Amino acid sequence: MTDLSTRRFLQRVGMLAAGLVLAACGKQEPPAPAPVASAPEAASAPAPAPAKVYTVGTDAAYAPFESQNDKAEIVGFTIDVMSAVAQKGGFEVKFVNTPWEGIFNALQQGDRDMLASSITITDERKQTMDFSAPYFDAVQLIAVKQDSKVAKFDDLKKMKVGVQTGTTGDEVVTKLLGKTSANVKRYESTPLALKELEAGGVDAVVADNGVVIHYVANNPGAQFKTVADASFVPEQYGFAVKKGNAELLALVNKGIADIKADGTYDKIFAKYFGAAPAAAAAASAASK
Ligand code: ARG
């Protein structure tokens, strides 16, 4: 090669290289970063909008419905039902332990989007919040010491009775004993009331059947028995949303209907109560 031809050759190569660079730049705008180990979603189509996260208040001192395990995780029947509902509805929930006494206020103030706390649907509460379709049937139940003579609710009239403040148990006991009665002993949680029964500070506790039965079964040392009374009216638990939050309520109700239809609800029920709701109801009716 002559000097000239060498120079031309180099010039051409240079132009070619420049052309390639330009072409590359034209194709990729902006230039792609050096390939690194990419997350799987980077390869696929645009990621869906992140699911909305709703804050759910729960008084987690209410086993087996909502309580804290030894890892301080909030667990229980209500929690499983709400989580399944959320999964169906395509939203996420974050449970926040919220003391019962401030729970309705927290919803009202907007500190919680929803309440999942074994809340009985009542006409009075419906004035200040909206409820989902019911997700559990309950009734009040009396707990007394095994040697107690109490045989019916009316027998508690002159006794000291423990309740959780502001619950439906509080309501029925206050009605029986009188609004100003000093014998209604109010506690911030149902387990505290039951501990006081064990210590002899009260003669009986009136609370939701599921919680009383669970406590009696898991605390044999307390030597309690339960007393049912036909005068207690049936109650139903619902999830509560702020009054007027129709959008969230519709999502939740749709989820409840879906998990009842596809068997998810029955599975959760059986996990905690041993049988599907229909079978459990039949068994309890047969034992009456
Ligand atoms: N069902 C009763 C009520 O609504 C008691 C619920 C208490 N729930 C709780 N997590 N402490 O009044």
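Calculation criteria
- Residues numbered from 1 in each chain as written.
- Predicted model: local features only at pLDDT ≥ 70, side-chain atom pairs only at ≥ 80, totals over all residues.
- Heavy atoms only, no water.
- Phe/Tyr/Trp six-rings, centres within 6.5 Å; stacked < 30°, edge-to-face > 60°.
- Helix = DSSP H or I, 4+ residues; strand = E, 2+ residues; numbered from the N terminus.
- Buried < 20%, exposed > 50% of the residue type's maximum accessible area, 1.4 Å probe, protein only.
- Near = heavy atom within 4 Å.
- Polar contact = N/O pair within 3.5 Å; in protein donor to acceptor, adjacent residues only side chain to side chain.
- Nonpolar A, V, L, I, M, F, W, Y, C, P; charged D, E, K, R; others polar.

A look at the packing of aromatic side chains
- This model, assessed by the stated rule, comprises 23 aromatic pairs.
- Seen from their ring centres, Tyr54 and Phe91 are 5.3 Å apart, and the 85° between their planes marks the pair as edge-to-face. With Tyr54 in strand E1 (residues 53-58) and Phe91 in the loop between helix H3 (77-89) and strand E5 (92-97), the pair connects residues that are 37 residues apart, well separated along the chain.
- Of the residues examined, Tyr54 reaches a relative accessible area of 9% and is grouped as buried.
- With 5.7 Å between their ring centres and 40° between their planes, Phe65 and Phe273 make a pair best called tilted. Note that Phe65 is positioned in the loop between strand E2 (61-62) and strand E3 (66-68) and Phe273 in helix H10 (residues 264-273), a separation of 208 residues in sequence.
- Taking the relative accessible area as the measure of exposure, Phe65 reaches 0% and is therefore buried.
- Taking the relative accessible area as the measure of exposure, Phe273 reaches 26% and is therefore partly exposed.
- Taken together, the aromatic side chains of Tyr62, Phe65, Phe77, Tyr135, Phe136, Tyr237, Phe239, Tyr265, Phe269, Tyr272 and Phe273 make up a single cluster linked through ring pairs.

Comments concerning the site of the ligand
- Surrounding the ligand, one finds 14 residues, the nearest of these being Asp59, Ser118, Thr120, Arg125 and Asp208.
- Taking Ser117, its main chain carries an N or O atom lying 2.9 Å from a nitrogen atom of the ligand.
- Ranked by the residues each element gives to the shell around the ligand, the list is headed by strand E6 (residues 114-120), at 4 residues.
- Residue composition of the shell around the ligand, grouped by class: 4 nonpolar, 6 polar and 4 charged.

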